[in-house]
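# What the coordinates show
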Amino acid sequence: GGRCDKYCESFGHVCVAAAEEMAEDCMVKFSEECDVAIQGTSDMLCTCRLPSSAGTCPVAANPTPAPTPAPTPRPTPASQPLPGTSRKIEVKGRQILVDGLPLHLKGVAW
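The sections below set out a description of the structure shown in this document. Fair warning: this is a prediction, and the values are worked out from it, not measured in the lab. (Residues numbered from 1 in each chain as written. Predicted model: local features only at pLDDT ≥ 70, side-chain atom pairs only at ≥ 80, totals over all residues. Heavy atoms only, no water.)

Moving on: the sheet that holds strand S3 (residues 45-49). The strand order across the open sheet built from three strands is S2-S1-S3, with neighbouring strands paired in antiparallel fashion. Each having just a single partner strand, strand S2 (28-32) and S3 make up the two edges of the open sheet. In this sheet, neighbouring strand axes are inclined to one another by 25° on average, regardless of whether the strands run parallel or antiparallel. Pairing of strand S1 (residues 14-21) with S3, which is carried by five bridges, proceeds in the antiparallel orientation. Looking across to S3, one finds that Val-14 is bridged to Arg-49. (Pairing = 2+ DSSP bridges. Helix = DSSP H or I, 4+ residues; strand = E, 2+ residues; numbered from the N terminus. Axes fitted to C-alpha atoms, helices over the stretch in contact; angles between N-to-C directions.)

Put into structure tokens, the structure is as follows:
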């Protein structure tokens, strides 16, 4: 059995949810902790996210978020539009990015 925390770590993310599916249909059969191996399955449903930095500043009682500009995608030489669309695919390390966002594939072993 695999562990979602190890899977997510393999591409620099952290696990936020782990589950087994019912009948290969992405419907949750049962949930599990990220650091627990899910036995008797060939795949798992893992929800991975980029790790958030642990700030060292104290949190204000009613924090007012600072305005931030919208991120601007930067095209790279490795980016290629999909045929018939304007989406861009990029391989960065061990990640596949589509329009700059990680693509998570079920049942893929790196």
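A separate point is the nonpolar core. What tends to happen in soluble globular proteins is that the nonpolar side chains get buried as a cluster. Judged by nonpolar contacts, Cys-4, Cys-8, Phe-11, Cys-15, Ala-18, Cys-34, Ile-38, Met-44 and Cys-48 together constitute the single largest core of nine residues. The set of elements that each furnish at least two residues to this core consists of helix H1 (4-9) and S1. (Core = buried A, V, L, I, M, F, W, Y, C linked by side-chain atoms within 4.5 Å. Buried < 20%, exposed > 50% of the residue type's maximum accessible area, 1.4 Å probe, protein only.)

Inspection of every chain in the model, using the stated rule, returns three disulfides. Between the sulfur of Cys-8 and that of Cys-48 lies a disulfide, 1.9 Å long from S to S. Of note, the bridge from Cys-8 to Cys-48 carries an S-S torsion of about -70° and is left-handed in sense. In this pair, Cys-8 sits in helix H1 while Cys-48 sits in strand S3, placing the two residues 40 residues apart along the sequence. Side by side, Cys-8 and Cys-48 carry an identical accessibility label, which is buried. At a sulfur-sulfur separation of 2.1 Å, the disulfide partner of Cys-15 is Cys-34. An S-S torsion of about -70° defines the bridge between Cys-15 and Cys-34 as left-handed. Of the two residues, Cys-15 sits in strand S1 while Cys-34 sits in the loop between S2 and S3, which places them 19 residues apart along the sequence. In the protein chain, the bonded cysteines, numbered by position in the sequence, are linked as 1-5, 2-6, 3-4. (Disulfide = S-S within 2.5 Å.)

We now examine the pairing of S2. It is a general feature of regular strands that their side chains alternate between the two faces of the sheet. Here S1 runs beside S2; their pairing, made up of four bridges, is antiparallel. Directly across from Glu-20, in S2, lies its bridge partner Phe-30. Hairpin connection, S1 to S2: the antiparallel pair is bridged by six residues, and Glu-24 has positive phi, about 55°.

Moving on: the side chain of Glu-21. Along the chain, the position of Glu-21 falls in strand S1. At 3.3 Å, the side chain of Glu-21 and the backbone nitrogen of Asp-25 are in polar contact. A polar contact of 2.7 Å, which involves the side chain of Glu-21, links it to the backbone nitrogen of Cys-26. (Polar contact = N/O pair within 3.5 Å; in protein donor to acceptor, adjacent residues only side chain to side chain.)

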